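# Commentary on secondary and tertiary structure
What follows is each chain in one-letter form.
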Amino acid sequence: MIDVDDGDMSTSCLNQILQLSRRSDSIHVKSEGARVLVNVIRSLCSNVGDMQDENRQKAINSLASPEHAAVLAQLLGRSQKHGILLNEAIVAMCLLSLQKEGGGSATFSPCSDFDSLMIAGFVLDSITCELPKEVSPSRQNSLDVEASDTKPNSGTQFTPTTALDMLVHILENTDSKFPAELRSNACTLLTNLGSNTTVEGEVRKEEKTRVSTAVRPMLESLKSTPESLHISVAAQRALSVWG
(Lines give C-alpha, C1' and ligand atoms only; values in the text may rest on other atoms or scores of the structure.)
Protein backbone atom coordinates (compact mmCIF):
# COMPACT_ATOMS: atom_id res chain seq x y z
CA MET A 1 0.00 0.00 0.00
CA ILE A 2 2.91 2.34 0.87
CA ASP A 3 6.30 1.77 -0.77
CA VAL A 4 8.76 3.09 1.82
CA ASP A 5 11.72 2.28 -0.43
CA ASP A 6 10.45 4.60 -3.15
CA GLY A 7 11.15 8.25 -2.49
CA ASP A 8 8.25 9.30 -4.69
CA MET A 9 5.19 8.73 -2.49
CA SER A 10 2.89 9.77 -5.36
CA THR A 11 3.45 6.32 -6.88
CA SER A 12 2.24 4.39 -3.82
CA CYS A 13 -0.99 2.40 -4.02
CA LEU A 14 -2.53 4.60 -1.33
CA ASN A 15 -1.87 7.83 -3.18
CA GLN A 16 -3.09 6.37 -6.47
CA ILE A 17 -6.35 5.45 -4.72
CA LEU A 18 -6.66 8.94 -3.24
CA GLN A 19 -5.91 10.57 -6.58
CA LEU A 20 -8.61 8.47 -8.20
CA SER A 21 -11.12 9.44 -5.51
CA ARG A 22 -10.26 13.14 -5.94
CA ARG A 23 -10.99 12.93 -9.66
CA SER A 24 -14.30 11.15 -9.11
CA ASP A 25 -17.61 13.02 -8.91
CA SER A 26 -19.08 10.24 -6.79
CA ILE A 27 -19.35 10.95 -3.07
CA HIS A 28 -19.40 7.19 -2.52
CA VAL A 29 -16.02 6.80 -4.26
CA LYS A 30 -14.55 9.77 -2.39
CA SER A 31 -15.66 8.35 0.94
CA GLU A 32 -14.39 4.84 0.21
CA GLY A 33 -11.03 6.27 -0.89
CA ALA A 34 -10.80 8.17 2.39
CA ARG A 35 -11.63 4.99 4.31
CA VAL A 36 -8.59 3.30 2.79
CA LEU A 37 -6.49 6.10 4.30
CA VAL A 38 -8.29 5.65 7.63
CA ASN A 39 -7.46 1.95 7.73
CA VAL A 40 -3.81 2.56 6.85
CA ILE A 41 -3.51 5.17 9.62
CA ARG A 42 -5.16 2.92 12.18
CA SER A 43 -2.89 0.01 11.23
CA LEU A 44 0.33 2.03 11.38
CA CYS A 45 -0.35 4.43 14.25
CA SER A 46 -2.04 2.13 16.76
CA ASN A 47 0.16 0.75 19.54
CA VAL A 48 0.30 -2.74 18.10
CA GLY A 49 3.63 -4.26 17.06
CA ASP A 50 7.04 -2.62 16.99
CA MET A 51 6.53 1.16 16.80
CA GLN A 52 10.30 1.62 16.42
CA ASP A 53 10.51 -0.42 13.23
CA GLU A 54 12.31 1.74 10.65
CA ASN A 55 9.98 0.91 7.75
CA ARG A 56 6.95 1.53 9.93
CA GLN A 57 8.28 4.93 10.94
CA LYS A 58 8.94 5.83 7.31
CA ALA A 59 5.39 4.83 6.43
CA ILE A 60 3.97 6.91 9.29
CA ASN A 61 6.02 9.89 8.19
CA SER A 62 4.64 9.54 4.68
CA LEU A 63 1.11 9.85 6.11
CA ALA A 64 1.93 13.02 8.02
CA SER A 65 0.99 15.49 5.32
CA PRO A 66 -1.58 18.24 4.81
CA GLU A 67 -3.03 16.32 1.85
CA HIS A 68 -3.97 13.40 4.06
CA ALA A 69 -5.30 15.65 6.83
CA ALA A 70 -7.53 17.35 4.25
CA VAL A 71 -8.90 13.99 3.03
CA LEU A 72 -9.93 13.12 6.60
CA ALA A 73 -11.46 16.55 7.22
CA GLN A 74 -13.52 16.20 4.04
CA LEU A 75 -14.70 12.73 5.09
CA LEU A 76 -15.79 14.23 8.41
CA GLY A 77 -17.53 17.12 6.68
CA ARG A 78 -19.57 15.00 4.27
CA SER A 79 -20.65 12.18 6.59
CA GLN A 80 -23.15 13.62 9.05
CA LYS A 81 -25.70 10.90 8.29
CA HIS A 82 -23.22 8.11 8.92
CA GLY A 83 -21.91 7.80 12.45
CA ILE A 84 -19.41 5.09 11.56
CA LEU A 85 -17.76 7.31 8.96
CA LEU A 86 -17.72 10.25 11.36
CA ASN A 87 -16.04 8.13 14.02
CA GLU A 88 -13.52 6.68 11.56
CA ALA A 89 -12.51 10.17 10.43
CA ILE A 90 -12.19 11.49 13.99
CA VAL A 91 -10.20 8.49 15.26
CA ALA A 92 -7.81 8.72 12.30
CA MET A 93 -7.34 12.45 12.92
CA CYS A 94 -6.71 11.71 16.60
CA LEU A 95 -3.98 9.23 15.72
CA LEU A 96 -2.37 11.58 13.21
CA SER A 97 -2.48 14.53 15.59
CA LEU A 98 -0.33 12.56 18.04
CA GLN A 99 2.49 12.23 15.51
CA LYS A 100 5.08 14.88 16.26
CA GLU A 101 6.47 15.44 12.81
CA GLY A 102 5.72 14.37 9.29
CA GLY A 103 7.13 14.13 5.85
CA GLY A 104 5.10 14.61 2.72
CA SER A 105 4.94 17.70 0.59
CA ALA A 106 5.50 20.98 2.37
CA THR A 107 4.26 22.86 -0.66
CA PHE A 108 0.58 21.94 -0.35
CA SER A 109 -1.88 23.13 2.24
CA PRO A 110 -5.67 23.07 2.33
CA CYS A 111 -5.33 26.74 3.33
CA SER A 112 -3.35 29.36 1.47
CA ASP A 113 -0.71 29.67 4.20
CA PHE A 114 1.41 26.79 5.44
CA ASP A 115 4.10 27.15 8.08
CA SER A 116 4.36 23.99 10.19
CA LEU A 117 5.72 20.46 9.83
CA MET A 118 3.77 19.20 12.83
CA ILE A 119 0.97 16.90 11.79
CA ALA A 120 -1.36 18.31 14.45
CA GLY A 121 -0.89 21.62 12.68
CA PHE A 122 -1.95 20.00 9.41
CA VAL A 123 -5.07 18.64 11.08
CA LEU A 124 -5.85 21.99 12.71
CA ASP A 125 -5.56 23.71 9.34
CA SER A 126 -7.75 21.10 7.66
CA ILE A 127 -10.68 21.40 10.10
CA THR A 128 -10.77 25.19 9.93
CA CYS A 129 -10.56 25.54 6.15
CA GLU A 130 -13.66 25.69 3.97
CA LEU A 131 -14.82 22.35 2.64
CA PRO A 132 -14.94 21.82 -1.12
CA LYS A 133 -18.45 22.19 -2.48
CA GLU A 134 -18.61 18.55 -3.48
CA VAL A 135 -18.30 17.34 0.10
CA SER A 136 -21.36 19.16 1.38
CA PRO A 137 -23.96 16.64 2.58
CA SER A 138 -26.18 15.53 -0.28
CA ARG A 139 -28.34 12.67 -1.45
CA GLN A 140 -25.29 11.21 -3.16
CA ASN A 141 -23.87 10.23 0.21
CA SER A 142 -25.92 7.09 0.68
CA LEU A 143 -23.64 4.24 1.69
CA ASP A 144 -26.07 1.38 2.31
CA VAL A 145 -23.78 -0.30 4.81
CA GLU A 146 -24.09 2.67 7.15
CA ALA A 147 -27.62 3.75 6.23
CA SER A 148 -29.08 2.69 9.56
CA ASP A 149 -26.15 3.94 11.64
CA THR A 150 -27.87 7.12 12.84
CA LYS A 151 -31.42 8.25 13.21
CA PRO A 152 -32.92 9.99 10.17
CA ASN A 153 -32.46 13.72 10.05
CA SER A 154 -35.48 15.84 10.78
CA GLY A 155 -36.09 19.47 9.98
CA THR A 156 -33.65 21.67 8.12
CA GLN A 157 -30.58 19.96 6.66
CA PHE A 158 -27.40 20.98 8.45
CA THR A 159 -24.70 21.94 5.97
CA PRO A 160 -21.21 22.47 7.45
CA THR A 161 -18.81 24.83 5.74
CA THR A 162 -15.82 23.41 7.65
CA ALA A 163 -15.02 20.18 9.48
CA LEU A 164 -14.95 22.31 12.63
CA ASP A 165 -18.65 23.02 12.06
CA MET A 166 -19.26 19.28 12.01
CA LEU A 167 -17.33 18.76 15.26
CA VAL A 168 -19.44 21.43 16.96
CA HIS A 169 -22.59 19.84 15.51
CA ILE A 170 -21.55 16.48 16.97
CA LEU A 171 -20.91 18.02 20.39
CA GLU A 172 -24.26 19.84 20.33
CA ASN A 173 -26.11 16.65 19.36
CA THR A 174 -29.32 18.61 18.88
CA ASP A 175 -31.26 15.66 17.46
CA SER A 176 -29.76 13.17 19.94
CA LYS A 177 -28.50 11.06 17.04
CA PHE A 178 -24.78 10.91 17.84
CA PRO A 179 -23.59 8.22 20.29
CA ALA A 180 -21.60 9.07 23.40
CA GLU A 181 -18.46 7.38 22.04
CA LEU A 182 -18.44 9.63 18.98
CA ARG A 183 -18.87 12.78 21.03
CA SER A 184 -16.18 11.67 23.47
CA ASN A 185 -13.80 11.01 20.57
CA ALA A 186 -14.55 14.49 19.20
CA CYS A 187 -13.47 15.93 22.56
CA THR A 188 -10.30 13.82 22.48
CA LEU A 189 -9.45 15.13 19.00
CA LEU A 190 -9.84 18.70 20.24
CA THR A 191 -7.60 17.91 23.21
CA ASN A 192 -4.91 16.49 20.94
CA LEU A 193 -5.05 19.46 18.59
CA GLY A 194 -4.85 21.99 21.39
CA SER A 195 -2.02 20.17 23.14
CA ASN A 196 0.15 19.37 20.13
CA THR A 197 -0.07 22.48 17.98
CA THR A 198 2.01 25.60 18.36
CA VAL A 199 1.02 29.12 17.44
CA GLU A 200 3.26 30.10 14.53
CA GLY A 201 2.51 33.49 13.09
CA GLU A 202 -0.80 35.28 12.89
CA VAL A 203 -2.49 32.65 10.69
CA ARG A 204 -2.07 29.79 13.16
CA LYS A 205 -2.95 32.05 16.08
CA GLU A 206 -6.14 33.08 14.33
CA GLU A 207 -7.14 29.46 13.66
CA LYS A 208 -6.61 28.41 17.27
CA THR A 209 -8.69 31.37 18.44
CA ARG A 210 -11.39 30.36 15.99
CA VAL A 211 -11.48 26.79 17.30
CA SER A 212 -11.54 27.96 20.92
CA THR A 213 -14.43 30.34 20.27
CA ALA A 214 -16.40 27.65 18.45
CA VAL A 215 -16.01 24.77 20.91
CA ARG A 216 -15.67 26.37 24.34
CA PRO A 217 -19.42 26.93 24.99
CA MET A 218 -20.26 23.30 24.20
CA LEU A 219 -17.35 21.95 26.24
CA GLU A 220 -18.50 24.05 29.20
CA SER A 221 -21.94 22.50 28.87
CA LEU A 222 -20.69 18.94 28.43
CA LYS A 223 -18.21 18.90 31.31
CA SER A 224 -21.05 18.48 33.80
CA THR A 225 -23.38 16.38 31.64
CA PRO A 226 -25.13 13.56 33.51
CA GLU A 227 -25.56 11.74 30.19
CA SER A 228 -22.13 10.12 30.10
CA LEU A 229 -19.11 10.09 32.40
CA HIS A 230 -16.85 9.51 29.38
CA ILE A 231 -18.17 12.64 27.65
CA SER A 232 -17.86 14.68 30.85
CA VAL A 233 -14.24 13.65 31.45
CA ALA A 234 -13.29 14.11 27.78
CA ALA A 235 -14.94 17.55 27.70
CA GLN A 236 -13.07 18.64 30.84
CA ARG A 237 -9.76 17.62 29.28
CA ALA A 238 -10.54 19.49 26.08
CA LEU A 239 -11.70 22.53 28.03
CA SER A 240 -8.38 22.60 29.94
CA VAL A 241 -6.73 23.18 26.57
CA TRP A 242 -9.25 25.41 24.81
CA GLY A 243 -10.81 27.17 27.79
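These remarks concern the structure in this document. (Residues numbered from 1 in each chain as written. Predicted model: local features only at pLDDT ≥ 70, side-chain atom pairs only at ≥ 80, totals over all residues. Heavy atoms only, no water.)

## Observations concerning unusual backbone geometry
For clarity, the cut-off: Secondary structure counts use DSSP, requiring at least four H or I residues in a row for a helix and at least two E residues in a row for a strand, with both numbered from the N terminus. The classification of residues rests on relative accessible area computed with a 1.4 Å probe and restricted to protein chains. Under 20% of the type maximum is buried, over 50% is exposed, and intermediate values are partly exposed.
A positive phi angle, near 50 degrees, is found at asparagine 173, a position not held by glycine. By the element assignment, asparagine 173 lies in the loop between helix H7 (163-172) and helix H8 (180-196). By relative accessible area, which is 9% here, asparagine 173 ends up buried. Despite not being glycine, serine 176 has its phi angle at roughly 55 degrees, a positive value.

## A short note on the packing of helix H6 (residues 119-128) against H8
Defined as follows: Axis definition: a line fitted to C-alpha atoms, over the contacting stretch in the case of helices. Angles run 0 to 180 degrees between N-to-C directions. The scheme is simple: roughly parallel for angles under 35 degrees, roughly antiparallel for over 145, roughly perpendicular for 65 to 115, oblique for anything else. Should the near helix be turned anticlockwise from the far one by less than a right angle, the crossing is left-handed, and should it be turned clockwise, the crossing is right-handed. In what follows, a contact means two residues having at least one pair of non-hydrogen atoms within 4.5 Å. As a working rule, the residues Ala, Val, Leu, Ile, Met, Phe, Trp, Tyr, Cys and Pro are called nonpolar, Asp, Glu, Lys and Arg charged, and the rest polar, with Gly in that last group.
For the pair H6 and H8, interaxial distance at closest approach is 9 Å and the crossing angle is 120 degrees. The orientation of H6 relative to H8 falls into the category oblique. Between H6 and H8 lies a crossing of left-handed hand. Between H6, through Ala120, Val123, Leu124 and Ile127, and H8, the contact on the second element is made entirely by Leu189, Leu193 and Asn196. Partitioned by chemical class, the residues of the contact of H6 with H8 number six nonpolar, one polar and no charged.

## What to know about the packing of aromatic side chains
Quick note on the threshold: Any two of the Phe, Tyr and Trp rings considered here, Trp counted by its six-membered ring, make a pair once their centres fall within 6.5 Å; the pair's planes then place it as stacked at under 30 degrees, edge-to-face at over 60, or tilted in between. For a Lys NZ or an Arg CZ to count as sitting over a ring, it must be within 6 Å of the ring centre and within 35 degrees of the ring normal.
Under the counting rule described, the total for this entry stands at zero aromatic pairs. Its end group placed over the ring of tryptophan 242, lysine 208 keeps NZ or CZ at 5.6 Å from the ring centre.

## A word on the pattern of salt bridges
This is how the line gets drawn: Criterion for a salt bridge: a side-chain nitrogen of Lys or Arg within 4 Å of a carboxyl oxygen of Asp or Glu.
Following the criterion strictly, the structure yields six salt bridges and no others. Lysine 58 is the partner of glutamate 54 in a salt bridge, and the nearest nitrogen-oxygen pair spans 3.6 Å. Of this pair, glutamate 54 and lysine 58 both sit in helix H3 (residues 54-63), four residues apart, which is roughly one turn of the helix. Here lysine 58 falls in the partly exposed class, since its relative accessible area comes to 37%. For glutamate 207, the salt bridge is made with arginine 210, and the minimal N-O distance between the two is 3.6 Å. A residue pair is termed a helical-turn pair when its members lie 3 or 4 positions apart in one helix, as glutamate 207 and arginine 210 do in helix H9 (residues 201-222) at three residues. Under the relative-accessibility criterion, arginine 210 is labelled partly exposed at 38%.

By themselves, these observations are geometric and do not establish any function.
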